[in-house]
Amino acid sequence: MRLDQVNNVFFVGVGGIGMSALARYFNALGKKVGGYDKTQTSLTTQLQNEGIEVMYADDASLLSEVFQQPDSTMVVLTPAVPSTNKVLNYFIHHKFKLYKRAEVLGFISRELKSYCIAGTHGKTSISTMLAYLLNETEGCNAFLGGLSVNYHTNLLLNQQSNNVIIEADEYDRSFLHLRPDAALITAVDEDHLDIYGTKEQIYQSFNDFIRLIKHEGTLIIHKELENSGKLTLDRPYYTYSLSDTSADFYAGNLQHHNGLYSFDFKCPKHKISQLRLGVPGKVNAENFIGATALACMAGADDDEVRLAAGKYKGVKRRFEMHINTRQHIYVDDYAHHPVEIRKTLEAVKEIWPEKAVTVVFQPHLFSRTKDLYPEF
């Protein structure tokens, strides 16, 4: 589909973090945009303030007339909306063009130079880091799976830039709709077993994703994935790691003070000395290695990267520090997989080794909790 031929776009489930970013994207392009969601939130209210029509009643008769025209309206849906939804069934019954959010991101990835971040954890952090680095240097568009603290949004738009950063979600094999110019894979862990069944099938899906990278495109993977032997690496690729000096990109002279890390970013041909990261935690330092590798390949200047590193403020709910006093420390983190939780706890204990740790855990997805209960 050619997106320039679309006049109106309606989102069934517009309040999701990914769907709302797409809604904002089409709204910025001058399309007529509307959506349905069952609950009003601060995010849907913000969409309304930006001129996007949002309805909260599951009643197709409330649709604006402009969204009742099958020939001029594209409908975007999310799997989170049940098949019994009346608004969704109105569009199905009247033979509208229906697309999953992932399919629409796939259209965009073909039209722009796409940098796609995949992996069972770390996607949002690296995507947001890369978006910040490129926005401060080369310029970019970005669809993020979280709210950037620097920009207070999940979407960056720059119509003068041909770069787009897309978080490549493996859930429901969504990332197989993308056509990356460059891709980075953070990790492949056991997850979404309600979709994949086995970890072998998860690896197969990531191998399929690798085959979608454009012929002259770039692949970067975490060094541990190279050593796993389960990815089909039959094309040139690079590796990154925090401290493994056999990787193509890694941190040298790694130091930290009160959880904030500084290091030399080591590349195959040179290094960027004394990067000082503005967010705490070793996991953020490692994620920044991957983001910087892609930023350098995109043409970002070393001095600009060094300056941007210290100004980067992170992502909402990704090791987000709300309180940091002598008496109390409160960190909010979205870690929803056992591997992520382990890394978050390791970071907390490294930064504050003398403190007692109290954890409040909010399960995310019934299926993940059921499948990985022993690990949790």
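Look up a bit, the structure's there.
Parameters at a glance
Residues numbered from 1 in each chain as written. Predicted model: local features only at pLDDT ≥ 70, side-chain atom pairs only at ≥ 80, totals over all residues. Heavy atoms only, no water. Core = buried A, V, L, I, M, F, W, Y, C linked by side-chain atoms within 4.5 Å. Buried < 20%, exposed > 50% of the residue type's maximum accessible area, 1.4 Å probe, protein only. Helix = DSSP H or I, 4+ residues; strand = E, 2+ residues; numbered from the N terminus. Contact = heavy atoms within 4.5 Å. Patch = residues over 30% accessible without salt bridge, like charges linked within 9 Å, V, L, I, M, F, W, Y side chains within 5 Å. Areas by Shrake-Rupley, 256 points an atom, 1.4 Å probe, with all protein chains shown as cover. Salt bridge = Lys/Arg side-chain N within 4 Å of Asp/Glu carboxyl O. Polar contact = N/O pair within 3.5 Å; in protein donor to acceptor, adjacent residues only side chain to side chain. Expected span 1.5 Å × (residues − 1). Phe/Tyr/Trp six-rings, centres within 6.5 Å; stacked < 30°, edge-to-face > 60°. Pairing = 2+ DSSP bridges. Axes fitted to C-alpha atoms, helices over the stretch in contact; angles between N-to-C directions. Lys, Arg positive; Asp, Glu negative; His and termini not counted. Parallel < 35°, antiparallel > 145°, perpendicular 65-115°, else oblique. Left-handed = near helix turned anticlockwise from the far one by under 90°. Nonpolar A, V, L, I, M, F, W, Y, C, P; charged D, E, K, R; others polar.

Asks: Looking at this structure, how should I read the nonpolar core?
Replies: Taken as a class, soluble globular proteins show a tendency for nonpolar side chains to be buried jointly. In terms of nonpolar packing, the biggest core is built from 44 residues, with F11, F26, F143, I185 and F209 touching the most fellow members. When residues in this core are grouped by element, the largest group, six residues, is from helix α1 (residues 17-28). Ignoring any residue separated from it by four or fewer positions in sequence, one finds F11 in contact with M19, L22, A23, F26, V33, G34, G35, Y36 and V76. By size, the runner-up hydrophobic cluster in this structure holds 43 residues, among which are I126, L242, A291 and A295.

Asks: Looking at this model, I keep getting lost on a nonpolar patch on the surface. Mind explaining?
Replies: Together, V357, V359, F361 and F376 make up an exposed nonpolar region whose accessible area comes to about 320 Å². Within the secondary structure, F361 is located in the loop between α11 (338-351) and α12 (366-371). Since its relative accessible area comes to 38%, F361 is described here as partly exposed.

Asks: Honestly, the side chain of N85 in this entry has me stumped. Any pointers?
Replies: Its location among the elements puts N85 in the loop between β4 (73-77) and α3 (86-93). For N85, a relative accessible area of 4% corresponds to the buried category. At 3.4 Å, the side chain of N85 and the side chain of D58 are in polar contact. Excluding residues that lie within four positions of it along the chain, N85 makes contacts with V12, Y36 and D58.

Asks: Is there a simple way to think about helix α7 (residues 199-211) in this case?
Replies: Because each turn of an α-helix spans 3.6 residues, side chains separated by three or four positions in sequence point in the same direction. Compared with the 18 Å implied by 1.5 Å per residue over 13 residues, the 19 Å span of α7 between its first and last C-alpha is a close match. Listed as buried for α7 are I202, Y203, S205, F206, N207, F209 and I210.

Asks: Can you help me understand the packing of aromatic side chains in this one?
Replies: Counting across every chain of the model gives 17 aromatic pairs. Measuring from ring centre to ring centre gives 5.8 Å for Y132 and Y312, while their planes differ by 55°; the resulting arrangement is tilted. One end of the pair, Y132, is in helix α5 (residues 123-136); the other, Y312, is in the loop between α10 (302-311) and β16 (320-324), and 180 residues separate them in sequence. On the basis of relative accessibility, which here comes to 6%, the residue Y132 falls in the buried class. When the centroid spacing of 5.9 Å and the interplanar angle of 15° are considered together, the rings of F249 and F265 count as stacked. Here F249, found in the loop between β12 (238-240) and β13 (250-257), pairs with F265, found in strand β14 (residues 260-266); they are 16 residues apart in sequence, far enough to count as distant. In terms of burial, F249 and F265 fall into one category: buried. Aromatic rings pair up to connect F10, F67, Y90, F91 and F96 into one cluster.

Asks: Where do I start with the sheet that holds strand β10 (residues 182-185) in this structure?
Replies: Remark on secondary structure: sheet strands pair via backbone hydrogen bonds, oriented parallel or antiparallel. The strand order across the open sheet formed by seven strands is β8-β7-β9-β6-β10-β11-β12, and the pairing between neighbours is mixed. For this open sheet the edge positions go to β8 (153-156) and β12, each flanked by a neighbour on one side alone. Going from strand to strand, the sheet's axes swing by 20° on average, the running direction of each strand aside. Direction of pairing for strand β7 (residues 141-148) relative to strand β9 (residues 163-167): parallel, over a ladder of three bridges. Considered in β9, the bridge of A142 is made with I165.

Asks: What is the right way to look at the side chain of R235 in this model?
Replies: In this structure, R235 sits in the loop between α8 (223-228) and β12. Summary of buried charges: R235 has no salt-bridge partner, and the nearest side chain of opposite charge, D234, is 6.5 Å away. In terms of polar contacts, R235 uses its side chain to reach the backbone carbonyl oxygen of I213, at 3.3 Å. Each residue touching R235, except ones within four places of it in the same chain, is listed here: I210, I213, K214, H215, G217 and T218.

Asks: So what exactly am I meant to see when it comes to the sheet that holds β14 here?
Replies: Taken in spatial order, the three strands of this open sheet run β13-β14-β15, and their pairing is antiparallel. Because the sheet does not close on itself, it has two edges, and the strands there are β13 and β15 (271-280). Averaged over all neighbouring strand pairs, the angle between strand axes comes to 20°, with direction disregarded. Looking at chain direction, β13 and β14 are connected through six bridges and run antiparallel. Pairing of H256 across the sheet is with Y261, part of β14.

Asks: In this structure, what is going on with the packing of α5 against helix α9 (residues 282-297)? I would like to understand it.
Replies: Angle between the axes and distance between the axes: these two values describe a pair of packed helices. Relative orientation of the contacting elements α5 and α9 amounts to 50°, with a least axis distance of 8 Å. Taken together, the axis directions place α5 and α9 in an arrangement best described as oblique. α9 is crossed by α5, and the crossing has right-handed handedness. Contacts between α5 and α9 involve S125, I126, M129, L130, L133 and L134 from the former and N284, N287, F288, A291, T292, L294 and A295 from the latter. Among the residues forming the contact of α5 with α9, the class breakdown is nine nonpolar, four polar and no charged.

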